[in-house]
Amino acid sequence: MTYADYIRSLPCSVCADDTTVQQHHLINIDGLTKGMALKMPEIISIPLCARHHRELHLHVEGWEVNYGDQEYHLVQTLAQAAFDGWEITRDE
């Protein structure tokens, strides 16, 4: 199982739905801006259901006001991954 598969196996970080989970790579994060043709590292991602993923891409600031900032969700996801035995590296 890849780390991306693992993220998609988790419930949504917002509502805990586990039926339509997608991997969301964080966006608009200071110091983590993705350059052209560069892929964001897999570890900089969180599980979101289709609804919350769509909402986030439509209006990042509003989403974060309603559900907390993306960094908060990332910390929760990384903690769960560590608990589940994932050895997180920068190259994941």
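This text goes with the structure placed above it.
The notes below deal with the structure included here. (Residues numbered from 1 in each chain as written. Predicted model: local features only at pLDDT ≥ 70, side-chain atom pairs only at ≥ 80, totals over all residues. Heavy atoms only, no water.)

With respect to the packing of helix α3 (residues 60–67) against helix α4 (residues 70–83)
Put simply, α3 and α4 touch, their axes get as near as 9 Å, and they point 60 degrees apart. Accordingly, the angle class assigned to the pair α3 and α4 is oblique. Taken together, the residues of α4 that come into contact with α3 (itself represented by Val60, Trp63, Glu64 and Tyr67) are Gln70, Glu71 and His73. In the contact of α3 with α4, the residues fall into three nonpolar, two polar and two charged. (Axes fitted to C-alpha atoms, helices over the stretch in contact; angles between N-to-C directions. Helix = DSSP H or I, 4+ residues; strand = E, 2+ residues; numbered from the N terminus. Parallel < 35°, antiparallel > 145°, perpendicular 65-115°, else oblique. Contact = heavy atoms within 4.5 Å. Nonpolar A, V, L, I, M, F, W, Y, C, P; charged D, E, K, R; others polar.)

Topic: α4
If you check α4, its first and last C-alpha atoms are 20 Å apart, about what 14 residues at 1.5 Å a residue would give, namely 20 Å. Every buried residue of α4 is accounted for by Gln70, His73, Leu74, Thr77 and Ala81. Buried positions in α4, seen along its axis, are confined to an arc of 100 degrees and lie on one side of it. Along α4, the residues that are exposed and aim more than 90 degrees away from the buried face are Val75 and Phe83. Elements that come into contact with the buried residues of α4 comprise α1 (3–9), β1 (21–25), β2 (45–49), α2 (50–58) and α3. Directly after α4, the chain includes Gly85, whose backbone phi takes a positive value near 95 degrees. (Expected span 1.5 Å × (residues − 1). Buried < 20%, exposed > 50% of the residue type's maximum accessible area, 1.4 Å probe, protein only. Arc of directions from axis to C-beta.)

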